[in-house]
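Okay, here's what each chain looks like letter by letter:
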Amino acid sequence: MKAGHRDHPNYWAFVLHRVSGVLLALFLPVHFQVLYLAIKKASAFDGFLAWAEMPMVKLAETVLILLLAAHLTGGLRLLALEFLPWRDGQKTIVALTGGISLVIGLVYLLNAA
Amino acid sequence: MSGDTLTVSVWRGDGDVGRYQEFEVPRQESQTVLDVVTYIQRHIDPTLSYRFACRVGVCGSCAMTVNGKPRWTCRTHVSKVAGDGRLEVAPLRNLQVIKDLSVDMTDFFDKWARAEGRFQGAQTRDDDFAQVSPDSPKRRRASAGIECIGCGVCYASCDVVAWNQDYLGPAALNRAWTLVNDVRDIADKQRLKAVAGDAGCHACHSQQGCVERCVKHLNPTQSIAGLKRATALAALKGELE
Ligand code: SF4
Ligand code: SF4
Ligand code: FES
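**Things to note about the confidence of the model for chain B**
Move 1: Summary statistics for chain B give a mean pLDDT of 95 and a share of 99% for residues scoring 70 or more.
Move 2: Per the prediction output, this complex has pTM 0.89; the corresponding ipTM is 0.76.

Given below as structure tokens:
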């Protein structure tokens, strides 16, 4: 049976929020590892910085920023939906959060390039 | 529309065991999906089971899954959903199938009871009519959700219902919210308690499948958001103990 009941922007936003949350959680240990290098092992950290200059790594970072922006704007959207008076046009708000995330990702990419 | 006939796949079976069976049904003007199912039962296979009563969108008994989406079949025109001349008709999701297209609605309505969906007033027939201004915010909030016909379409569209069997679901919570806003009702405390639990309003992920599909264009997500705030406030005041 087709799952036609999932075929709408608010559901996609829900999936994006879940997936970005899981991926960000998976990334956290790496983040802490780098923080540890920065504080404790200056030489290894320099090596890391050089590695981080590679284009592929920059691209991966942009994806990370995108995930973060999507998760943040999605979370703000949900908080507003649940704790502020209801507003119609929820799909427009979903589109807005998506747009803002893309802009943030793009700005990051341009600055990195 | 393709020519004069429709090819219709209909779910046949009891419980979870079954398969789709194909029928050819003559195309007619202004034909509804319910007309198609009725044609099959009256002219091709009288053993086909399905449910309907009013045929005009009032009773809420005719909901089925049509080409993958939950819909009220008596108000769904074939021309709107079967552009390519094909229809797939299945029972509603998230409910136990009794046979073919008829599902057991017991769980669905038991959950209305569990959400304290019954009006409880303090007045008797000897009292005067309650005066409720149509413009008061509470009356407006109640009015926004009151037209539910209990069809189960929202319930079938909700993934949280599929994931958590105990989740009260959009219709029952929407009903609870209309009563929370009914100034004549005196059972708010126990109602908020009933909907504040694990399987209540806070389980909703605001996916809005219910809003997308509600046949009466109601907004259960908005009602549930109202309950989330009301229960949070009640918890802060220590009223949910
Ligand atoms: S908004 Fe809540 S009740 Fe409605 S479909 Fe989504 S999870 Fe279910
Ligand atoms: S809220 Fe809408 S879809 Fe759900 S049972 Fe009521 S009328 Fe049907
Ligand atoms: S038969 Fe009554 S609502 Fe469809």
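**Considerations on the nonpolar core**
Residues and elements named next belong to chain B.
Move 1: In terms of nonpolar packing, the biggest core is built from 61 residues, with Val8, Leu87, Leu101, Tyr167 and Leu227 touching the most fellow members.
Move 2: Looking at which element gives the most residues to this core, the answer is helix α7 (residues 170-180), with six residues.
Move 3: Residues from two domains meet in this core; each of domain 1 (5-103) and domain 2 (106-236) gives at least three.
Move 4: Apart from residues no more than four positions distant in its own chain, leucine 101 is found in contact with Val10, Trp11, Val37, Leu48, Ser49, Tyr50, Met64, Val89, Ala90 and Pro91.

**Re the pairing of strand β5 (residues 86-90) of chain B**
Residues and elements named next belong to chain B.
Move 1: Of all five residues making up β5, four are buried, and the element is well covered by its neighbours.
Move 2: Examined bridge by bridge, strand β1 (residues 5-14) and β5 share four bridges and lie parallel to one another. Its bridge partner being in β5, threonine 7 is matched across the sheet by arginine 86.
Move 3: Here two bridges tie strand β3 (residues 63-66) to β5, and the two strands are oriented antiparallel to one another.

**A short note on the site of ligand 2**
Move 1: In the vicinity of ligand 2, the contacting residues are B:Cys148, B:Ile149, B:Gly150, B:Cys151, B:Gly152, B:Val153, B:Cys154, B:Ala171, B:Cys214, B:Val215 and B:Lys216.
Move 2: Class assignment for the residues of the shell around ligand 2 results in eight nonpolar, two polar and one charged.

**Section: the packing of aromatic side chains**
Move 1: One pass over the full model with this rule turns up ten aromatic pairs over all chains.
Move 2: Ring centres of A:Phe48 and A:Trp51 lie 5.7 Å apart, and the angle between their planes is 40°; this geometry places the pair in the tilted category. Of this pair, A:Phe48 and A:Trp51 both sit in helix α2 (residues 42-52), three residues apart, which is roughly one turn of that helix.
Move 3: The exposure class of A:Trp51 is partly exposed, given its relative accessible area of 45%.
Move 4: By way of ring pairs, the aromatic residues B:Phe108, B:Phe109, B:Trp112 and B:Tyr155 are connected into one cluster.

**Considerations on the pattern of salt bridges**
Move 1: Taken as a whole and judged by the stated rule, the model has 13 salt bridges over all chains.
Move 2: Here A:Glu53 ties to A:Lys58 by a salt bridge, and the two come within 4.0 Å at their closest N and O atoms.
Move 3: Accessibility expressed as a relative area gives 56% for A:Glu53, which makes it exposed.
Move 4: Here B:Arg191 makes a salt bridge to B:Asp188, at a shortest N to O gap of 3.2 Å.

**Some points on the environment of B:Ala172**
Residue and element names in this part refer to chain B.
Move 1: On the secondary structure map, alanine 172 appears in helix α7.
Move 2: The spatial distance from the C-alpha of alanine 172 to the C-alpha of isoleucine 224 is 9.8 Å, given a sequence separation of 52 residues.
Move 3: When neighbours within four sequence positions are excluded, alanine 172 is seen to be in contact with Lys111, Trp112 and Ala115.

**Concerning the packing of helix α3 (residues 55-83) of chain A against helix α4 (residues 90-112) of chain A**
Residues and elements named next belong to chain A.
Move 1: The N-to-C vectors of α3 and α4 enclose an angle of 150°; their axes lie 8 Å apart at closest approach. As summarised for this structure, α3 and α4 are arranged roughly antiparallel, according to the angle between their axes. Relative to α4, α3 is oriented so that their crossing is right-handed. From α3, Lys58, Leu59, Glu61, Thr62, Ile65, Leu66, Ala69, Ala70, Thr73, Arg77 and Leu81 reach across to α4, where they touch Gln90, Ile93, Val94, Thr97, Ile100, Ser101, Leu102, Ile104, Gly105, Tyr108, Leu109 and Ala112.
Move 2: Counted by class, the contact of α3 with α4 contains 14 nonpolar, six polar and three charged residues.

**Details of the site of ligand 1**
Residues and elements named next belong to chain B.
Move 1: Around ligand 1 lies a shell of 13 residues, among which Cys158, Cys204, Gln208, Cys210 and Thr221 are the nearest.
Move 2: Within the residue set of the shell around ligand 1, elements represented by two or more residues are α9 (209-213) and α10 (220-236).
Move 3: By residue class, the composition of the shell around ligand 1 is seven nonpolar, six polar and no charged.

**Comments concerning the domain arrangement of chain B**
Accessible area lost upon the coming together of the parts serves often as the stated size of an interface.
Residue and element names in this part refer to chain B.
Move 1: Domain assignment breaks chain B into domain 1 (5-103) and domain 2 (106-236).
Move 2: On a C-alpha basis, the centres of domain 1 and domain 2 stand 29 Å from each other.
Move 3: Each side of the interface is counted separately: domain 1 has 13 residues, and domain 2 has 16 residues.
Move 4: Taking both partners together, domain 1 and domain 2 bury about 1,200 Å²; carbon and sulfur atoms supply 59% of that area.
Move 5: When the buried surface of domain 1 facing domain 2 is broken down by residue, Pro70, Trp72 and Asn94 rank first, second and third, together holding 42% of it.
Move 6: Where domain 1 packs against domain 2, one counts one salt bridge.

**Concerning the interface of chain A and chain B**
Move 1: Contacts between the two partners involve 22 residues from chain A and, on the opposite side, 26 residues from chain B.
Move 2: Taking both partners together, chain A and chain B bury about 2,000 Å²; carbon and sulfur atoms supply 56% of that area.
Move 3: At the surface where chain A touches chain B, the tally comes to three salt bridges.
Move 4: A salt bridge links A:Glu82 to B:Lys228; the shortest N-O distance between them is 2.6 Å.
Move 5: At the junction of chain A with chain B, the criterion picks out twelve residue pairs in polar contact (both at pLDDT 80 or more).
Move 6: Looking at the side of chain A that touches chain B, the elements with two or more residues in it are α1 (9-40), α3 and α4 of chain A.

Cut-offs and rules
Residues numbered from 1 in each chain as written. Chains lettered and ligands numbered in written order. Predicted model: local features only at pLDDT ≥ 70, side-chain atom pairs only at ≥ 80, totals over all residues. Heavy atoms only, no water. pLDDT = per-residue confidence, 0-100. Core = buried A, V, L, I, M, F, W, Y, C linked by side-chain atoms within 4.5 Å. Buried < 20%, exposed > 50% of the residue type's maximum accessible area, 1.4 Å probe, protein only. Helix = DSSP H or I, 4+ residues; strand = E, 2+ residues; numbered from the N terminus. Domains from an automatic or database assignment. Contact = heavy atoms within 4.5 Å. Pairing = 2+ DSSP bridges. Near = heavy atom within 4 Å. Nonpolar A, V, L, I, M, F, W, Y, C, P; charged D, E, K, R; others polar. Phe/Tyr/Trp six-rings, centres within 6.5 Å; stacked < 30°, edge-to-face > 60°. Salt bridge = Lys/Arg side-chain N within 4 Å of Asp/Glu carboxyl O. Axes fitted to C-alpha atoms, helices over the stretch in contact; angles between N-to-C directions. Parallel < 35°, antiparallel > 145°, perpendicular 65-115°, else oblique. Left-handed = near helix turned anticlockwise from the far one by under 90°. Buried area = accessible area lost by both parts, 1.4 Å probe. Polar contact = N/O pair within 3.5 Å; in protein donor to acceptor, adjacent residues only side chain to side chain.

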